[in-house]
Amino acid sequence: MSNVIEMIEGLGRTVLNGLARLGLAGRFFLAIMMVIGVPVRRFSLLVRELYFSGVRSLLIIVVSGMFVGMVLAIQGYEVLQRFGSSETLGVLVALSLVRELGPVVTALLFAGRAGSAVTAEIGLMQATDQIAAMDMMAVNPIARIISPRFLASVVSMPLLACLFSTAGVFGAYLVGVKLIGIDDGSFWSQMQAGVDFRLDIINGLIKSLVFGVAVGLIAVFEGYYAPPTAEGVSSATTRTVVTSSLAVLMLDFVLTVWMFRGLNG
Amino acid sequence: MPEVKTAPPHPASLIEIKDVHFAYDERPILRGLSLSVRKGEVLAVMGGSGSGKTTLLGLIGGRILPNRGDILVDGQNVPKLDRSALYALRTRFGMLFQFGALFTDLSVYDNVAFPYREQTNLPESVIRDLVLLKLQAVGLRGAAGLMPSQLSGGMARRVALARAVALDPMLMLYDEPFTGLDPISTGIVARLIRRLNDAFGLTSLVVTHDLDASLKIADRVIVLAEGKVYRDLTPSDVRTTSDAFVRQFADGLPDGPVPFHYPAPPLLDQLLGKAGTASVEGGTP
């Protein structure tokens, strides 16, 4: 009996701790929003973070996008030719990338590549008193350190997602047109006709903007509140990747339901 | 290393701490601490680990709030200040953290320039001169182009000192400034603390457990124990006192009023399994 009570207590504690952490993250988000103008006014702060988070993620994003596009082309062609509609490969690949794979895979890669680095950097700054030192110099660390990193994530995510999709379409072109030999003209014209700017491209951008907010917030939050030890920083880094990935996939479901509701019924 | 002591400090106090209580979670750290720091003096605050020395600096800097009590710095009650008033007060503080806390992504030069760039509108050419002067004062003008990772512990501490005095503060707070330094670096940092204090007319609060270094530079030594000021002594008193606690501290004796053993049930009971074994098995004691 006491085991059952302990289990329920443990469950309650976990839920309460989770809620408290969610509340803390909410307050932290508001604190960032209060000073989000700082990296806009002092553009050099933002540029530095855009370079570290965005530009340095370019290679992994473009290469991954290309491979995803190439695989999509092979798999898509295999299925489409059964129905004799292999010319629609372009539109299949483009929609898959722009609506789903571009934003989602970019966010997952970004969380692993840039989010973890941001968490580790802020966590170590916290552990070595750099954030405390800044605060004691009457410089708000949320404005000076946190908000530029957060904003950089929000700005780079949609741009990287666009590049991912572009690289993917190019990869599909290489495999579908150059290798398999689908007609060049129908590949592109079907894509042009089948992809809607507002419904597909804008919605994809909105998705990656939301993912940018989620991954950016999780990364700076985990770093800022990481226990100031080696173990604390390393587990915060892991949590950034795990929590971001889950958050991205769950948000993707919610956003997809909301964006494409009523399309089929 | 003979040090020139200043004339008896001006009686007016810069910091007035009255009956401050503070607890981390349920664990009381400060229990009715009262203390005043006079203008112009170098005050060494000593005490064992966990005696609340570093907490005291956090309270004065307004980074943590007391459960009750007043902390007056230059007439302003720190716990009652709102954020902007606190930041305004902090621009007149300098703080040296335990390991310097230099910004690792900035060079030595940029670290010292940081307070000027953030808090003033001075043109870069003026900032350059000021930074070079501050670095000259700590003897590291030649290291301006290095990154913090290229500095030794003592050099990093000196750069952090140059950064801390950049805006000519009225109050300097030192958190364990000698930890991990070799004897030469300890001597250099100690001498700098005294020299900067006198040259710039500062007031300095040095939290430390390095007795030798602090006795050479302090005007007054305060020993914290059980969350209060246990003794208020001059450096020469510390050397001659017969107080058992201060002696244990001064002579580095392993056992005395501060026990060697963490509280535990009698050893025999525990070996025979009569006492609880939670603390042995890794549960929280």
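Refer to the structure above for everything that follows.
This report concerns the structure included in the present document. Keep in mind the model is a prediction, meaning the values are calculated, not measured.

Thresholds, definitions, all that
Residues numbered from 1 in each chain as written. Chains lettered and ligands numbered in written order. Predicted model: local features only at pLDDT ≥ 70, side-chain atom pairs only at ≥ 80, totals over all residues. Heavy atoms only, no water. Helix = DSSP H or I, 4+ residues; strand = E, 2+ residues; numbered from the N terminus. Buried < 20%, exposed > 50% of the residue type's maximum accessible area, 1.4 Å probe, protein only. Areas by Shrake-Rupley, 256 points an atom, 1.4 Å probe, with all protein chains shown as cover. Lys, Arg positive; Asp, Glu negative; His and termini not counted. Charge placed at Lys NZ, Arg CZ, Asp CG, Glu CD. Salt bridge = Lys/Arg side-chain N within 4 Å of Asp/Glu carboxyl O. Phe/Tyr/Trp six-rings, centres within 6.5 Å; stacked < 30°, edge-to-face > 60°. Lys NZ or Arg CZ within 6 Å of the ring centre and 35° of its normal. Pairing = 2+ DSSP bridges. Contact = heavy atoms within 4.5 Å. Axes fitted to C-alpha atoms, helices over the stretch in contact; angles between N-to-C directions. Parallel < 35°, antiparallel > 145°, perpendicular 65-115°, else oblique. Left-handed = near helix turned anticlockwise from the far one by under 90°. Nonpolar A, V, L, I, M, F, W, Y, C, P; charged D, E, K, R; others polar. Core = buried A, V, L, I, M, F, W, Y, C linked by side-chain atoms within 4.5 Å.

1. Description of the overall build of chain A
A tally of regular secondary structure across chain A gives 10 helices and 0 strands. For chain A, the N- to C-terminal ordering of α and β elements is α-α-α-α-α-α-α-α-α-α. With the principal axes as the frame, chain A shows a C-alpha extent of 65 × 60 × 35 Å. A buried classification covers 46% of the 265 residues belonging to chain A. Split by element, the accessible area of chain A, about 13000 Å² in all, is 71% carbon and sulfur. Once the 17 positive and 16 negative side-chain charges of chain A are each reduced to a mean point, those two points are 7 Å apart.

2. Some points on the pattern of salt bridges
Within the structure shown, the criterion is met by 27 salt bridges over all chains. In this structure, R38(B) and E41(B) form a salt bridge, with 4.0 Å as the shortest nitrogen-oxygen distance. Classification of R38(B) by relative accessible area gives partly exposed; the value is 29%. Using a relative accessible area of 0% as the deciding quantity, one classes E41(B) as buried. Salt bridges here are not isolated pairs; linked through shared partners, they connect R48(A), E49(A), E121(A), R149(A) and D105(B).

3. What about the packing of aromatic side chains?
In total, this model carries 13 aromatic pairs over all chains according to the counting rule given. Ring centres 4.9 Å apart and planes at 85° place the aromatic pair F22(B) and Y24(B) in the edge-to-face group. Here the aromatic cluster, defined as three or more aromatic residues joined through ring pairs, consists of F28(A), F221(A), Y224(A) and Y225(A). Above the plane of the ring of F103(B) lies R163(B), whose end atom (NZ or CZ) is 4.6 Å from the centre. We note R231(B) situated over the ring of Y230(B); from NZ or CZ to the ring centre the distance is 4.5 Å.

4. Brief notes about the sheet that holds strand β4 (residues 68-73) of chain B
Residue and element names in this part refer to chain B. Pairing within the open sheet is antiparallel, and its 4 strands lie in the order β2-β1-β4-β5. Sheet topology places β2 (27-38) and β5 (76-77) at the edges, where each strand pairs with a single neighbour. By the bridge criterion, 5 bridges tie strand β1 (residues 13-24) to β4 in an arrangement that is antiparallel. Counterpart to H21 in the pairing with β4 is R68. Docked against the sheet, helix α1 (residues 53-60) engages β1, β2 and β4, running at close to 115° with respect to β1.

5. As for the side chain of D175(B)
Residue and element names in this part refer to chain B. With respect to the helices, strands and loops of the structure, D175 is situated in strand β7 (residues 171-175). Summary of buried charges: D175 has no salt-bridge partner, and the nearest side chain of opposite charge, K53, is 7.5 Å away. Setting aside residues up to four positions removed in sequence, D175 forms contacts with T54, L57, M95, L96, F97, Q98 and V207.

6. Focus on the packing of helix α3 (residues 108-119) of chain B against helix α5 (residues 153-164) of chain B
Residue and element names in this part refer to chain B. Contact pair α3 / α5: the axes reach a minimum separation of 8 Å and the direction vectors enclose 25°. Accordingly, the angle class assigned to the pair α3 and α5 is roughly parallel. Note on packing geometry: the crossing formed by α3 with α5 is right-handed. Packed against α3, whose contacting residues are V108, N111, V112 and P115, the element α5 presents V159, A162 and R163 at the interface. Tallied by class, residues from the contact of α3 with α5 come to 5 nonpolar, 1 polar and 1 charged.

7. Side note on the environment of L271(B)
Relative to the helices and strands, L271(B) resides in helix α10 (residues 267-271). Residues L271(B) and K80(B), 191 residues apart in the sequence, show an inter-C-alpha distance of 52 Å.

8. With respect to the pairing of strand β8 (residues 203-207) of chain B
All names here are of chain B. The buried fraction of β8 is high, at 5 of 5 residues. Burial of the side chains of β8 extends over both faces: T203, L205 and V207 are buried on one face and S204 and V206 on the other. Alignment of strand β3 (residues 42-46) against β8, held across 4 bridges, turns out to be parallel. Directly across from V42, in β8, lies its bridge partner S204. For β7 and β8, the ladder comprises 5 bridges, and the chain directions are parallel. Pairing of L173 across the sheet is with L205, part of β8.

9. What to know about the environment of A167(A)
All names here are of chain A. Structurally, A167 is set in helix α7 (residues 141-180). A sequence separation of 30 residues divides A167 from F197, and the C-alpha atoms of the two residues are 18 Å apart. Once residues lying within four places of it in the same chain are set aside, the contact partners of A167 are V62, G65 and M66.

10. Focus on the nonpolar core
By size, the foremost hydrophobic cluster in this structure holds 62 residues, and its most contacted members are F28(A), I146(A), I17(B), I60(B), V73(B), L171(B) and L173(B). Among the elements that make up this core, the one with the highest residue count is α7(A) (6 residues). With sequence-adjacent residues up to four places away left out, F28(A) is seen in contact with I142(A), I146(A), L217(A), V220(A), F221(A), Y224(A) and Y225(A). Among the nonpolar cores identified, the runner-up in size contains 37 residues, and A113(B), V138(B), L151(B) and L161(B) belong to it.

11. Description of unusual backbone geometry
You will see that A138(A), though not glycine, has its phi angle at about 65°, which is positive. With respect to the element layout, A138(A) can be found in the loop between α6 (130-136) and α7. Despite not being glycine, D19(B) shows a phi value in the positive range, around 50°. Within the element layout of this structure, D19(B) appears in strand β1.

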